[in-house]
Amino acid sequence: MFRLIGGLFRESTKINSFQQWVDVVKENKKVIILTTKYVMFIAGLLSSALKEMGIESKIIRKEPVWGYSDLPHIVISPQVFRKLPKNYIAYQVEQLEASTWFNDEYKRRLEDAIAIFDYSKHNIEFLEKIYLNKRIFFLPISVNRALCNKFELSFDKKEYDVRVILPKYECM
């Protein structure tokens, strides 16, 4: 797929793994956060945590007229958006077992994500039964600096603060 950038066509890049997503974020020091007005506070918390790590973030509430950027995205409530960016992590904030949102289309959107963040350990247990090969991370909705020191980054672990998902960044 090609995108028109500044009058020139260039090939779009597809990120194929969580580690590659992390590497691109570390290299560019930029992330786009796509959210709805209803969970804007979560986007603000993520943006603040990323800023502490020296990573610039831009919060958007809809697809830009020119289309999504190739930068890594975190999409909060991916079921709400008609079209999603190519390189995204889904931040799942529904109570899954009780949600009317959790249908086949929503499952597909989670499956298409590079990884899934979820605020609920109960939801993660539910998701792991469905997505055995998907990276699913517990990312509570809080500003919890204690998590920075509690976990070393290992892709086998399940609990992270956003500041330790991206390795080699100091927690403030």
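Residues numbered from 1 in each chain as written. Predicted model: local features only at pLDDT ≥ 70, side-chain atom pairs only at ≥ 80, totals over all residues. Heavy atoms only, no water.

(A) Quick look at the overall build of the protein. The number of helices and strands found in the protein is 6 helices and 8 strands. Beginning at the N terminus, the succession of helices and strands in the protein can be written as β-β-α-β-α-β-β-β-α-β-α-β-α-α. When each of the 172 residues of the protein is scored for burial, the buried share is 47%. Contacts spanning at least 24 positions in sequence make up 55% of the contacts within the protein whose residues lie at least 6 apart. (Helix = DSSP H or I, 4+ residues; strand = E, 2+ residues; numbered from the N terminus. Buried < 20%, exposed > 50% of the residue type's maximum accessible area, 1.4 Å probe, protein only. Contact = heavy atoms within 4.5 Å.)

(B) Helix α3 (residues 104-112), seen in detail. Of the residues making up α3, those classed as buried are Y106, R109 and L110. With its buried residues spanning 100 degrees around the axis, α3 presents them on a single face. Buried residues along α3 sit against β6 (88-92), β7 (116-118) and α4 (121-130). The backbone nitrogen of E105 lies 3.1 Å from a side-chain oxygen of the residue at the head of α3, namely N103. (Arc of directions from axis to C-beta. Polar contact = N/O pair within 3.5 Å; in protein donor to acceptor, adjacent residues only side chain to side chain.)

(C) Highlighting the sheet that holds strand β4 (residues 56-60). Spatially, the 6 strands line up as an open sheet ordered β4-β3-β5-β6-β7-β8, and their pairing is parallel. The open sheet has two edge strands, β4 and β8 (136-138), and neither has a second partner. Ignoring strand direction, the axes of neighbouring strands in this sheet form an average angle of 25 degrees. Contacts from helix α2 (residues 40-52) reach β3 (30-34), β4, β5 (73-76) and β6, with the element oriented near 170 degrees to β4. Seen against the sheet, α3 touches β6 and β7 and runs at an angle of roughly 130 degrees to β6. (Pairing = 2+ DSSP bridges. Axes fitted to C-alpha atoms, helices over the stretch in contact; angles between N-to-C directions.)

(D) Seen up close, the confidence of the model for the protein. When pLDDT is averaged along the protein, the result is 76, and 72% of the positions lie at 70 or above. Predicted confidence for residues 1-11 stays below pLDDT 50, and this span has 19 contacts to residues more than four positions away or in other chains. Within the model, pLDDT remains below 50 along residues 146-161, and this stretch shows 35 contacts once partners closer than five positions in the same chain are excluded. (pLDDT = per-residue confidence, 0-100.)

(E) Region of interest: the packing of aromatic side chains. If you walk through the whole model with that rule in mind, you get 4 aromatic pairs. Ring geometry for Y91 and F117: centres 5.9 Å apart, planes at 85 degrees, overall edge-to-face. Highlighted residues: Y91 in strand β6 and F117 in strand β7, separated in sequence by 26 residues. Its relative accessible area of 2% is what places Y91 among the buried residues. Relative to F137, the ring of F117 has its centre 6.2 Å away and its plane inclined at 75 degrees; by these criteria the two rings are edge-to-face. Taken together, the residues F117 in strand β7 and F137 in strand β8 connect sequence positions 20 residues apart. Both residues of the pair, F117 and F137, count as buried. What links up through ring pairs into an aromatic cluster is the set F18, W21, Y91, F117 and F137. A cation over a ring is seen here: K121 above F138, with NZ or CZ 5.2 Å from the ring centre. (Phe/Tyr/Trp six-rings, centres within 6.5 Å; stacked < 30°, edge-to-face > 60°. Lys NZ or Arg CZ within 6 Å of the ring centre and 35° of its normal.)

(F) Here's a closer look at the pattern of salt bridges. The full count for this structure, using the stated rule, is 6 salt bridges. For K107, the salt bridge identified is with D104, shortest N-O distance 4.0 Å. Here the residue K107 and the residue D104 both occupy positions in helix α3, the gap between them amounting to 3 residues, near one helical turn. A salt bridge links E105 to R109, with the nearest nitrogen and oxygen atoms 3.0 Å apart. Of this pair, E105 and R109 both sit in helix α3, 4 residues apart, which is roughly one turn of that helix. Residue class for E105 comes out partly exposed when judged on its relative accessible area of 36%. (Salt bridge = Lys/Arg side-chain N within 4 Å of Asp/Glu carboxyl O.)

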